[in-house]
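# Secondary and tertiary structure notes
Listed here are the chains, written in short residue letters.
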Amino acid sequence: MRGTALAAAAMAGALVLAGCAKDSGAGNNSNNNAGSGDQSASCVTAPKPPAAAAASTSSAQSTEKVDGSKLKVALAFDVGGRGDASFNDSAAAGTDKAKAELGVTTVTESTAAATEDEAAKSQRLDQLATQGFSPIIAVGFAYAKAVGAIAPKYPNTQFAIVDDDSVKAPNVTSLVFAEEQGSFLAGVAAAYKSKKCHVGFVGGVNTPLIQKFEAGFLQGVKAASSKAKIEDEYLTPAGDFSGFQDPAKGNVKAAAQIAKGADVIYHAAGASGKGVFEAAKSNNAMAIGVDSDQYNQKTVEASKDVIITSMLKRVDVAVFDYLRALAKGDLTSLPKRFDLKVDGIGYATSGGKVDDIKDVLDGYKAQIVSGAITVSDKPQK
């Protein structure tokens, strides 16, 4: 997601909007008919979506002062931890905001190793509970079995788990997202910004969760263009979580996609995304970030100029809202799923590289929120 600055503005005038939107056409690696030449003028085949209605002025959050000073917060990070410029950093931002706005003073952090087993995760959570931390926020679906095993042992300790809703216990709160919705917008942006009508997706680990990112991206590309070619690959298979922490492998995979003709790469690969950005920078391509606004992430700053947008998965919002609700004593106020409607999902505009298509993205967003477009959470290849 880093690289030489690209003339995004010059592309805007070249887009021709004609034909009808289609949900068929692009697929894994070679399911489309687009060639390898510069086809930005003909890539977008769908009509421009209707303009979005003016945003509501009402705030999702009350201005009521909430005191969170009694909370002893523990963050059990997934692989990569704070500094991954992605998923974990977003969770950390939520607790940072809780310190500033809720008066939370006690926060501890612990990070999973790429190769650790279930026993290590359970031991981490057990130790945090024994030390009196509550709530304990498990950042990532990889903690599901551990939370399921440890939470019942400590009924007076509050647990939350990000990206999993399989643990059914009265002291466990699930923080889950509609990743496919934000990824749909990333797919639209990729189709509009591609000069070659050829884009790519790099997933970290082939799991049902990351398939939601893949599914939304594929559908978004196809909604905007019936002819865009899509490269679609993962770094590691299910069970091998090193795919979230291997920038070198991300670089190689993205570079290979670019060599095939892709000029916009969207990654859902955690810390491995750093390598995707580096490949884009080295090969005169563009990239789309994930989870956090990666254009503003210090750890990927060297490649920021190639990051045209990021799919925002607002783990920070979910974590902060959870801590606020817990401090207030009302967890029922939390949404069942953080989606576009509650701004739990979105897209970044830092760098100004999608300013010229913001009306398009907001139009598609409005259609998703209204139900006119239903985004699948399973890849349709």
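Overview of the structure.

The rules we used
Residues numbered from 1 in each chain as written. Predicted model: local features only at pLDDT ≥ 70, side-chain atom pairs only at ≥ 80, totals over all residues. Heavy atoms only, no water. Helix = DSSP H or I, 4+ residues; strand = E, 2+ residues; numbered from the N terminus. Contact = heavy atoms within 4.5 Å. Areas by Shrake-Rupley, 256 points an atom, 1.4 Å probe, with all protein chains shown as cover. Phe/Tyr/Trp six-rings, centres within 6.5 Å; stacked < 30°, edge-to-face > 60°. Buried < 20%, exposed > 50% of the residue type's maximum accessible area, 1.4 Å probe, protein only. Lys NZ or Arg CZ within 6 Å of the ring centre and 35° of its normal. Expected span 1.5 Å × (residues − 1). Arc of directions from axis to C-beta. Axes fitted to C-alpha atoms, helices over the stretch in contact; angles between N-to-C directions. Parallel < 35°, antiparallel > 145°, perpendicular 65-115°, else oblique. Left-handed = near helix turned anticlockwise from the far one by under 90°. Nonpolar A, V, L, I, M, F, W, Y, C, P; charged D, E, K, R; others polar. Pairing = 2+ DSSP bridges. Core = buried A, V, L, I, M, F, W, Y, C linked by side-chain atoms within 4.5 Å. Salt bridge = Lys/Arg side-chain N within 4 Å of Asp/Glu carboxyl O.

### Some details on the overall build of the protein chain
A tally of helices and strands in the protein chain yields 11 helices and 11 strands. Looking at the protein chain alone, contacts between residues at least 24 apart form 74% of all its contacts between residues at least 6 apart. For the protein chain, the computed accessible surface area is about 15,000 Å², with 50% contributed by carbon and sulfur atoms.

### Focus: the packing of aromatic side chains
For the structure shown, the criterion picks out 8 aromatic pairs. With a centroid separation of 5.6 Å and 35° between ring planes, the pair formed by Phe177 and Phe338 is classed as tilted. One end of the pair, Phe177, is in the loop between strand E5 (172–175) and helix H6 (179–193); the other, Phe338, is in the loop between helix H10 (315–328) and strand E11 (345–347), with 161 residues separating them in the sequence. Overall, Phe338 belongs to the buried group, its relative accessible area being 1%. Geometrically, the ring pair formed by Phe217 and Tyr266 is tilted, given 5.1 Å between the ring centres and 35° between the ring planes. With a gap of 49 residues between them, Phe217 in helix H7 (residues 208–224) and Tyr266 in strand E8 (residues 264–268) connect regions that are remote in the sequence. Accessibility expressed as a relative area gives 0% for Phe217, which makes it buried. Grouping aromatic residues by their ring pairs yields a cluster made of Phe201, Phe217, Tyr234 and Tyr266. The ring centre of Phe133 lies 5.2 Å from the NZ or CZ of Lys72, which sits over that ring. Against the face of Tyr143 rests Lys121, its NZ or CZ located 6.0 Å from the ring centre.

### Side note on helix H11 (residues 358–370)
In a regular helix each residue adds 1.5 Å, so 13 residues correspond to 18 Å; H11 covers 18 Å between its end C-alpha atoms and thus fits that length. Those residues of H11 not exposed but buried are Val360, Leu361, Gly363, Tyr364 and Ile368. Take H11 and look down its axis: the buried residues cluster within an arc of 160°, on one side only. Where H11 is buried, its residues contact H6, H7 and E11. Directly beyond the C-terminal end of H11, a positive phi value near 95° is found at Gly371.

### Description of the packing of helix H3 (residues 87–102) against H10
Packing of H3 against H10 leaves a shortest axis separation of 7 Å and a crossing angle of 40°. Between H3 and H10, the angle falls in the class oblique. Viewed along their axes, H3 and H10 form a crossing whose handedness is right-handed. When H3 is examined against H10, the residues Phe87, Ser90, Ala91, Ala93, Gly94, Thr95, Lys97, Ala98, Glu101 and Leu102 are found in contact with a partner set consisting of Val315, Asp316, Val319, Phe320, Leu323 and Arg324. When grouped by side-chain class, the residues that make up the contact of H3 with H10 number 9 nonpolar, 3 polar and 4 charged.

### Regarding the pairing of strand E10 (residues 307–313)
With 7 of 7 residues buried, E10 lies mostly within the body of the structure. Where strand E9 (residues 286–291) lies against E10, 5 bridges are found, and the strand directions are parallel. Bridge pairing links Ile288 to Thr309 in E10. Inspection of the sheet shows E10 paired to E11 by 3 bridges, in the antiparallel sense. Opposite Leu312, over in E11, you have Gly346 as the bridge partner.

### What to know about the nonpolar core
Counting 75 residues, the largest nonpolar core has Ile137, Phe184, Phe213, Phe217, Tyr266, Leu323 and Tyr364 as the members making the most contacts within it. With 9 residues, H10 is the largest single contributor of residues to this core. Apart from residues lying up to four places away in sequence, Phe213 is in contact with Glu179, Ser183, Phe201, Tyr266, Ala268, Val290, Asp291, Met311 and Lys313. Residues Ile136, Tyr143, Phe159 and Val167 belong to the second largest nonpolar core, which totals 21 residues.

### Notes on the packing of H6 against H11
Where H6 contacts H11, the two axes come as close as 10 Å, and the packing angle between them is 150°. Judged by the angle between their axes, H6 and H11 are roughly antiparallel. Considering how the two elements wind past one another, H6 and H11 form a crossing that is right-handed. Facing Gln181, Phe184, Leu185, Val188, Ala189 and Tyr192 of H6, the residues of H11 in contact are Val360, Leu361, Tyr364, Lys365 and Ile368.

### Here we look at the pattern of salt bridges
In total, this model carries 19 salt bridges according to the counting rule given. A salt bridge links Glu233 to Lys253; the nearest nitrogen and oxygen atoms lie 3.8 Å apart. One end of the pair, Glu233, is in strand E7 (residues 229–236); the other, Lys253, is in helix H8 (residues 247–259), and 20 residues separate them in sequence. Accessibility expressed as a relative area gives 18% for Glu233, which makes it buried. Residue class for Lys253 comes out partly exposed when judged on its relative accessible area of 23%.

### With respect to the sheet that holds E5
Ordered in space as E2-E1-E3-E4-E5, the 5 strands form an open sheet in which the pairing is parallel. Looking at strand neighbours, the two that pair on one side only are strand E2 (106–111) and E5, the edges of this open sheet. Strand after strand, the sheet turns through a mean of 15° between neighbouring axes, direction not considered. Across the sheet, H10 is in contact with strand E1 (72–77), strand E3 (136–139), strand E4 (159–162) and E5; its angle to E5 comes to roughly 150°.

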